[in-house]
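# Report on the structure
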Amino acid sequence: MAATRTYDFGTPVELEPGILRVTLPLPSGPKHVHTYLVRDEDGWMLVDTGLGLPDPPWREIAASLDAPVVRIFVTHMHPDHVGGAEEASRVLGAPVFQGRLDYAQCERVWGADDWPEQIAGWFLRNGVPKPVADELIHSGHVFADFVRFAWNPTLVDPGDEIAGWRVVATPGHADGHLCLLRDGILVAGDHVLTPITPAIGLYPESRPDPLGDYLESLAAVEGLAPRIAYPGHREPIGDPPARAEEIAEHHDERLDRTEAALGAEGRSGYDVSHDLFGRELAPIQRRFAVAETLSHLERLVVLGRAGRADDGRVVTYTAG
């Protein structure tokens, strides 16, 4: 298996004229996240800000540019994309632009003290044992302490234009996920990735069918036919429509596997996650596995290929 690519953190890399990539470290997961600087007539726009730990060298990066950073755009509210927004805005003196729905969820999750308890209760209803749910509460509070999103950004909606970039709605990985499109270039956030696939999970207070949303978003990318996509992780995607089709096929296969795990007796999302992702996962990894499993179970319900029952204590699923 090929070794994972390493990146020179905090150093702008020119991908093409007017497009710079700045990669920042992450403590877990893919261990890196890409942010982008895109050149506009009045200066540069920073797309996404990383987690903000350790403090990115935004001041030094800005000093190396031929024009100031005049705005910041957030693709979605996950910590590795929005967590450093407050600090980046302060250091660069640039306003933050964020999707209307995405910011509302950002406030609800990262701006409230009770979200870890809310999500732990929701996982309990989906079959997660209490010791695992308790660990999610602890890890959730620890992680939330590091997220510093920008309060009261300039809100944008799909179809808006920002410095010539079209704002494109791509829900799925996050309900309010947005991409930017201009001249055949898609600044993609986590909408399309390669060779990994974005996590598509079902969470409390989210849209009811995130996988259905995501598959529609993939089809939209195929229709837009960008020539290249610059994603939040790994390498640029030279044929985004083809990659979107591959990811859709991956989820079709996982839907088949999820359906095969169901029978006449009801099973929780937690139970089914063991069939799809194995039994040996740390609690935080199990959280993502259960959320991903639930998005596939709910898609099967929408398609009439599975049934759902809720006795007020645990939600279970059966074969359709």
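These notes cover the structure that comes with them. (Residues numbered from 1 in each chain as written. Predicted model: local features only at pLDDT ≥ 70, side-chain atom pairs only at ≥ 80, totals over all residues. Heavy atoms only, no water.)

## A look at the overall build of the chain
The helix and strand tally for the chain stands at ten helices and 14 strands. Over its C-alpha trace the chain gives a radius of gyration of 20 Å, about what one expects of a compact globule, namely 20 Å for 320 residues. Seen along its three principal axes, the alpha-carbon backbone of the chain occupies a region of about 65 × 40 × 40 Å. In the chain, which comprises 320 residues, the share counted as buried stands at 52%. Put simply, of all contacts in the chain between residues at least 6 apart along the chain, 63% involve residues at least 24 apart. Both charge centroids of the chain, one from 28 positive and one from 49 negative side chains, sit 3 Å from each other. (Helix = DSSP H or I, 4+ residues; strand = E, 2+ residues; numbered from the N terminus. Rg over C-alpha atoms; globule rule 2.2 N^0.38 Å. Buried < 20%, exposed > 50% of the residue type's maximum accessible area, 1.4 Å probe, protein only. Contact = heavy atoms within 4.5 Å. Lys, Arg positive; Asp, Glu negative; His and termini not counted. Charge placed at Lys NZ, Arg CZ, Asp CG, Glu CD.)

## Quick word on a negative patch on the surface
Together, E222, E245, E249, D252 and E253 give the surface a local cluster of negative charge. The element best represented in the negative patch is helix 8 (residues 240–260), accounting for four residues. Tracing the backbone shows E249 in helix 8. The class for E249 is partly exposed, based on a relative accessible area of 41%. (Patch = residues over 30% accessible without salt bridge, like charges linked within 9 Å, V, L, I, M, F, W, Y side chains within 5 Å. Areas by Shrake-Rupley, 256 points an atom, 1.4 Å probe, with all protein chains shown as cover. Salt bridge = Lys/Arg side-chain N within 4 Å of Asp/Glu carboxyl O.)

## Re the nonpolar core
The tendency in soluble globular proteins is for nonpolar side chains to be buried side by side. Counting residues in hydrophobic clusters, the biggest one holds 71 residues, and the most contacted among them are L37, L46, W58, V69 and L218. Formed by 17 residues, the second largest nonpolar core is a distinct cluster that contains V38, M45, L180 and I185. (Core = buried A, V, L, I, M, F, W, Y, C linked by side-chain atoms within 4.5 Å.)

## A closer look at the sheet that holds strand 10 (residues 178–182)
Across the sheet, five strands lie side by side as 8-9-10-11-12; this open sheet has mixed pairing. The open sheet has two edge strands, strand 8 (161–162) and strand 12 (228–231), and neither has a second partner. With two bridges joining them, strand 8 and strand 9 (residues 165–169) adopt antiparallel strand pairing. Within strand 9, the position partnered with I162 by the bridge is W165. (Pairing = 2+ DSSP bridges.)

## Here we look at the packing of helix 7 (residues 210–224) against helix 10 (residues 283–302)
Across the interface, helix 7 lies against helix 10 with an axial gap of 7 Å and an inter-helix angle of 85°. One way to sum up the angle between helix 7 and helix 10 is to call them roughly perpendicular. Two secondary-structure elements touch here, helix 7 through P210, L211, G212 and L215 and helix 10 through S295, H296 and R299. Among the residues forming the contact of helix 7 with helix 10, the class breakdown is three nonpolar, three polar and one charged. (Axes fitted to C-alpha atoms, helices over the stretch in contact; angles between N-to-C directions. Parallel < 35°, antiparallel > 145°, perpendicular 65-115°, else oblique. Nonpolar A, V, L, I, M, F, W, Y, C, P; charged D, E, K, R; others polar.)

## Some points on the packing of aromatic side chains
One pass over the structure, following the stated rule, counts five aromatic pairs. A centroid spacing of 5.8 Å and a plane angle of 35° characterise the contact between Y36 and Y230, whose relative ring orientation is tilted. Here Y36 is found in strand 3 (residues 32–40), whereas its partner Y230 is found in strand 12, with 194 residues between them in sequence. We classify Y36 as buried; its relative accessible area is 3%. For Y230, a relative accessible area of 2% puts it in the buried group. Ring pairs connect the aromatic residues Y103, F149 and W151, which therefore count as one cluster. (Phe/Tyr/Trp six-rings, centres within 6.5 Å; stacked < 30°, edge-to-face > 60°.)

## Some thoughts on the side chain of D175
In this structure, D175 sits in the loop between strand 9 and strand 10. R207 is the oppositely charged side chain nearest to the buried, salt-bridge-free D175, at an N-O distance of 4.9 Å. For D175, the side chain forms a polar contact with the side chain of Q105, separated by 3.0 Å. A polar side-chain atom of D175 sits 2.8 Å from the main-chain amide nitrogen of R207. Not counting the four nearest positions on each side in its chain, D175 is found in contact with L101, Q105, S206 and R207. (Polar contact = N/O pair within 3.5 Å; in protein donor to acceptor, adjacent residues only side chain to side chain.)

## Quick word on helix 9 (residues 269–277)
Those residues of helix 9 not exposed but buried are G269, Y270, V272, S273, H274 and L276. Contacts made by the buried residues of helix 9 are with helix 8, helix 10 and strand 14 (315–319).

## As for the sheet that holds strand 3
If you trace the seven strands from one edge of the open sheet to the other, you get 1-2-3-4-5-6-7, paired in mixed fashion. Of all strands in the sheet, those bounded by a partner on one side alone are strand 1 (13–16) and strand 7 (154–156). Across the sheet, the mean angle separating the axes of adjacent strands is 30° when strand polarity is ignored. The sheet contact formed by strand 3 and strand 4 (residues 43–47) spans five bridges and is antiparallel. Paired with D40 across the strands is G43, a residue of strand 4. Strands in contact with helix 4 (residues 100–110) are strand 5 (69–74), strand 6 (96–99) and strand 7; relative to strand 6, the strand with the most contacts, it is inclined by about 95°.

## Quick look at the pairing of strand 6
Side chains V96 and Q98 project from strand 6 onto one buried face, and the interleaved F97 and G99 project onto a second face that is buried too. Of the pairings in the sheet, the one linking strand 5 to strand 6 comprises three bridges and is parallel in character. Across the sheet, residue F73 finds its bridge partner in strand 6, namely F97. Pairing of strand 6 with strand 7 involves three bridges; the strand directions are parallel. Counted as the bridge partner of G99 is V156 from strand 7.

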